[in-house]
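Notes for the structure review
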Amino acid sequence: MFFDPLYLLFMAPAFLISLVAQLWVKGAFSKYSKITSQSGYSGAKAAYNILKTNGIDDVSIEQTTGFLGDHYDPRTKSLRLSPEVYRSNSLAALGVAAHEAGHALQHAQGYAPLHLRSLLVPVASIGSNLAWPLLFIGFFLQSMMMLKAGVLLFSGVVLFQLVTLPVEFNASRRALAALRSSALVSEDEIDGSRKVLTAAAMTYVAAAAAAILQLIYFLFRAGLLGQRDD
């Protein structure tokens, strides 16, 4: 299974999409991280402003590590921004910070897909850790029970990736609306933040595509989709 040319054929499109998405987001962030906003707000201050404007005062804003390691943790109500976003007043930084603040708005307003994604986190974690061993053993022993178990577990990973898409796209829409309504960026500047968020969204599309193609491959090789190849 690990040296199957068919697997490479299935995953080649996902690899290309992922590569393009990574290059796109790095290029967009690099370009717009060099353009400072007229408001002069840093990413941290922009996020604070968006939260305060929406009546949210129980979310902490922290600096984290790693390039674009920005995320919102609903378990601890923590909005964590990478150094290049936390301190910078660039259009890229404001876009990313506003996006993470958008997740905090989703949480505060009970956005259902975010809640569903949180519920699916342990499902996806178990699936990503156990699906491959079960599938490997299933193929090796020709055990249909283990193959089905592996496919079922990996389906949880795919479901998580699919649910992630509306969550991320909605957070970006909220971010752009908040940047406008709070005058954190001007109408002339909003396009820069939008391009950074669009590029970042494509990384989630790439991850979902990769998961779907892997699932199709597993179904095909297990004989659950078409004729089984022994």
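Quick note: structure is the one above.
Keep in mind the model is a prediction, meaning the values are calculated, not measured.

About the criteria used
Residues numbered from 1 in each chain as written. Predicted model: local features only at pLDDT ≥ 70, side-chain atom pairs only at ≥ 80, totals over all residues. Heavy atoms only, no water. Helix = DSSP H or I, 4+ residues; strand = E, 2+ residues; numbered from the N terminus. Buried < 20%, exposed > 50% of the residue type's maximum accessible area, 1.4 Å probe, protein only. Contact = heavy atoms within 4.5 Å. Areas by Shrake-Rupley, 256 points an atom, 1.4 Å probe, with all protein chains shown as cover. Lys, Arg positive; Asp, Glu negative; His and termini not counted. Charge placed at Lys NZ, Arg CZ, Asp CG, Glu CD. Axes fitted to C-alpha atoms, helices over the stretch in contact; angles between N-to-C directions. Parallel < 35°, antiparallel > 145°, perpendicular 65-115°, else oblique. Left-handed = near helix turned anticlockwise from the far one by under 90°. Nonpolar A, V, L, I, M, F, W, Y, C, P; charged D, E, K, R; others polar. Core = buried A, V, L, I, M, F, W, Y, C linked by side-chain atoms within 4.5 Å. Salt bridge = Lys/Arg side-chain N within 4 Å of Asp/Glu carboxyl O. Pairing = 2+ DSSP bridges. Patch = residues over 30% accessible without salt bridge, like charges linked within 9 Å, V, L, I, M, F, W, Y side chains within 5 Å.

1. Digging into the overall build of the protein
From N to C terminus, the protein includes seven helices and three strands. Secondary structure elements in the protein, listed N-terminal to C-terminal, are α-α-β-β-β-α-α-α-α-α. Dimensions of the protein along its principal axes, counting C-alpha atoms only, are 65 × 35 × 25 Å. Within the protein, the proportion of its 230 residues that are buried is 45%. Within the protein, counting contacts between residues at least 6 apart in sequence, those at least 24 apart form 70% of the total. When the accessible surface of the protein is summed, it comes to about 11600 Å², and 64% of that surface belongs to carbon and sulfur atoms. The distance from the centre of the 18 positive side-chain charges to the centre of the 15 negative ones in the protein is 0 Å.

2. What to know about the packing of helix H4 (residues 91-108) against helix H7 (residues 190-221)
For the pair H4 and H7, the least separation of the axes is 8 Å and the interaxial angle reads 60 degrees. One element, H4, and the other, H7, form an angle in the oblique class. H7 is crossed by H4, and the crossing has right-handed handedness. Of the residues in H7, those touching H4 at Leu91, Ala92, Gly95, Val96 and His99 are Gly192, Ser193, Val196 and Leu197. Looking at the contact of H4 with H7 residue by residue, the classes come out as five nonpolar, four polar and no charged.

3. Considering the nonpolar core
In terms of nonpolar packing, the biggest core is built from 35 residues, with Ile50, Leu51, Val59, Leu79, Val85, Leu179 and Val196 touching the most fellow members. Secondary-structure elements contributing two or more residues to this core are helix H1 (5-32), helix H2 (43-53), strand E3 (78-81), H4, helix H6 (144-181) and H7. The element best represented in this core is H4, accounting for ten residues. What leucine 79 contacts, discounting residues up to four positions off in sequence, is Ala47, Leu51, Val59, Ser60, Ile61, Glu62, His71, Tyr72, Glu100 and Ala101. With 18 residues, the next largest nonpolar core counts Met11, Leu215, Tyr217 and Ala222 among its residues.

4. What about unusual backbone geometry?
Even without a glycine there, the phi angle at lysine 77 is positive, about 50 degrees. Residue position: lysine 77 is located in the loop between strand E2 (71-73) and E3.

5. Regarding the pattern of salt bridges
Scanning the model with the defined rule gives eight salt bridges in all. For arginine 80, the salt bridge goes to aspartate 73, with nearest N and O atoms at 3.5 Å. Notably, a salt bridge pairs arginine 180 with glutamate 187, separated by 2.8 Å at the nearest N-O pair. Classification of arginine 180 as partly exposed rests on a relative accessible area of 37%. Shared partners join several salt bridges into a network, and the residues in it are Glu62, Asp73, Arg75 and Arg80.

6. Description of the pairing of E3
Taking every second residue as pointing to the same face, both faces of E3 are buried, with Ser78 and Arg80 on one and Leu79 and Leu81 on the other. For strand E1 (residues 60-63) and E3, the ladder comprises four bridges, and the chain directions are parallel. The residue of E3 that forms the bridge with serine 60 is serine 78. As paired strands, E2 and E3 are joined by three bridges and run antiparallel to one another. What sits directly across from tyrosine 72, in E3, is leucine 79. Connecting the antiparallel pair E2 and E3 is a turn made up of four residues, with lysine 77 showing a positive phi of about 50 degrees.

7. Some remarks on the environment of glycine 192
With respect to the secondary-structure elements, glycine 192 resides in helix H7. Distance from glycine 192 to lysine 52, taken between C-alpha atoms, is 24 Å for residues 140 residues apart in sequence. Dropping the residues within four chain positions of it, glycine 192 is found in contact with Tyr32 and Leu91.

8. Some words on a nonpolar patch on the surface
Among the surface-exposed residues, Phe15, Leu16, Leu19 and Leu23 lie close enough to one another that they form a single nonpolar patch of about 430 Å² accessible area. If you trace the backbone, leucine 19 turns up in helix H1. On the basis of relative accessibility, which here comes to 39%, the residue leucine 19 falls in the partly exposed class.

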